[in-house]
Amino acid sequence: MNWSNTAWQTGSPIYTQITQMPFIRELISGTLAPEKFTFYIAQDSLYLAGFGRALSLIAARAQHSAHALEFMRFAEGALMVEQALHAGYVQKLNIQPGVPLSPTCQHYTHYLLSQAALAPLEVAMAAVLPCFWIYKAVGDYIYAKEQLSDNPYQDWINTYAGEEFGQIVARAIRVCDEVAETCTPAQHQAMTEAYVTASKLEWMFWDSAYKLEEWPV
Ligand SMILES: Cc1ncc(C[n+]2csc(CCO)c2C)c(N)n1
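Going by the annotation in an unreviewed UniProt entry, the name recorded for the chain is Aminopyrimidine aminohydrolase, with Rufibacter tibetensis given as the source organism. UniProt, in its Pathway (unreviewed entry) section for the chain, records the words "Cofactor biosynthesis; thiamine diphosphate biosynthesis." The UniProt entry for the chain carries the following text under Function (unreviewed entry): "Catalyzes an amino-pyrimidine hydrolysis reaction at the C5' of the pyrimidine moiety of thiamine compounds, a reaction that is part of a thiamine salvage pathway."

As structure tokens, this is what we get:
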């Protein structure tokens, strides 16, 4: 069995819980409070800036040039989405520059950056995989469930359910599996642990937007 099959099976309860979160249910029904969506977009823009750099670090550390190139493209994709958010939503929603990272956004972004810089390469690759894979699955889930023709969040919903994003995700899974083929069972275990941790942080990211999370002090 590929490593990615084990990872998906291990992380699937977290994926299922994400689909049942109020943020996702209300995105589907179009009833999500605008300030929660705005909070999410502002934090996601900050997240993507860090995520793109984490992907670049992994690209620099990759053993094979083909894998380095893939991660460079992923990094470019993340930063392009960040720029597109700026050009579109950040202006439309009047998000002010200088918004601080929420505690969860800080935790998630810096977890990925530290894994990308310091963890064994295969673990770093596994840590960034839920950002691709869980997002794709959640995007498809929302797209399939959503019934409104005038959902105010339709543009966002279309971004991640598309075929183009599906191909990027498939490539990220393939690189992880190619690297995992050369790894020991102990290394597979460490990869799966990083995958599950990042999956939990995906859950927390949605939760923090729903709660409009603030620093306690
Ligand atoms: C918290 C959070 N997690 C994942 C994504 C999804 N995502 C955005 S860019 C990109 C890679 C493109 O090469 C992926 C997978 C997100 N937006 N926000």
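In this section: the UniProt feature "domain: Thiaminase-2/PQQC" (unreviewed entry) in the chain. As recorded in UniProt, the feature "domain: Thiaminase-2/PQQC" (unreviewed entry) lies at residues 12-211. From the first C-alpha to the last, residues 12-211 spans 24 Å; its make-up is 82% helix and 0% strand.

The next thing to look at is the site of the ligand. Contacts to the ligand come from 14 residues, most closely from Asp44, Phe74, Cys131, Tyr160 and Glu202. In the environment of the ligand, a nitrogen atom lies 3.3 Å from a nitrogen or oxygen atom belonging to the side chain of Tyr135. Interatomic distance of 2.7 Å between a side-chain N/O atom of Glu202 and a nitrogen atom of the ligand. The fraction of the free accessible surface of the ligand (450 Å²) that becomes covered by protein chains is 98%.

For the rest of this paragraph, the subject is the nonpolar core. One finds Tyr40, Phe51, Leu112, Trp156 and Trp206 to be the most contacted residues of the largest nonpolar core, which totals 75 residues. It is helix α6 (residues 121-145) that contributes the most residues to this core, 16 residues altogether. Sequence-distant contacts of Leu112, that is, excluding residues within four places in its chain, are made with Tyr47, Phe51, Ala54, Ala127, Val128 and Cys131.

Our focus in this paragraph is the packing of aromatic side chains. Counted by the stated rule, this structure contains 21 aromatic pairs. Note on Phe23 and Tyr40: the rings are 5.5 Å apart at their centroids and 55° apart in plane angle, and the pair reads as tilted. Remark: Tyr40 occurs in helix α3 (residues 34-61) and Phe23 occurs in helix α2 (residues 22-29); sequence separation between them is 17 residues. By relative accessible area, which is 0% here, Tyr40 ends up buried. Taken together, a centroid distance of 5.0 Å and an interplanar angle of 10° make the contact between Tyr40 and Trp206 stacked. Of the two residues, Tyr40 is situated in helix α3 and Trp206 in helix α9 (residues 185-210); the sequence distance between them amounts to 166 residues. Judged by relative accessible area, Trp206 falls into the buried class, the value being 1%.

What counts and how
- Residues numbered from 1 in each chain as written.
- Predicted model: local features only at pLDDT ≥ 70, side-chain atom pairs only at ≥ 80, totals over all residues.
- Heavy atoms only, no water.
- UniProt positions renumbered as here; feature names shortened; annotations may be inferred.
- Helix = DSSP H or I, 4+ residues; strand = E, 2+ residues; numbered from the N terminus.
- Near = heavy atom within 4 Å.
- Polar contact = N/O pair within 3.5 Å; in protein donor to acceptor, adjacent residues only side chain to side chain.
- Areas by Shrake-Rupley, 256 points an atom, 1.4 Å probe, with all protein chains shown as cover.
- Core = buried A, V, L, I, M, F, W, Y, C linked by side-chain atoms within 4.5 Å.
- Buried < 20%, exposed > 50% of the residue type's maximum accessible area, 1.4 Å probe, protein only.
- Contact = heavy atoms within 4.5 Å.
- Phe/Tyr/Trp six-rings, centres within 6.5 Å; stacked < 30°, edge-to-face > 60°.

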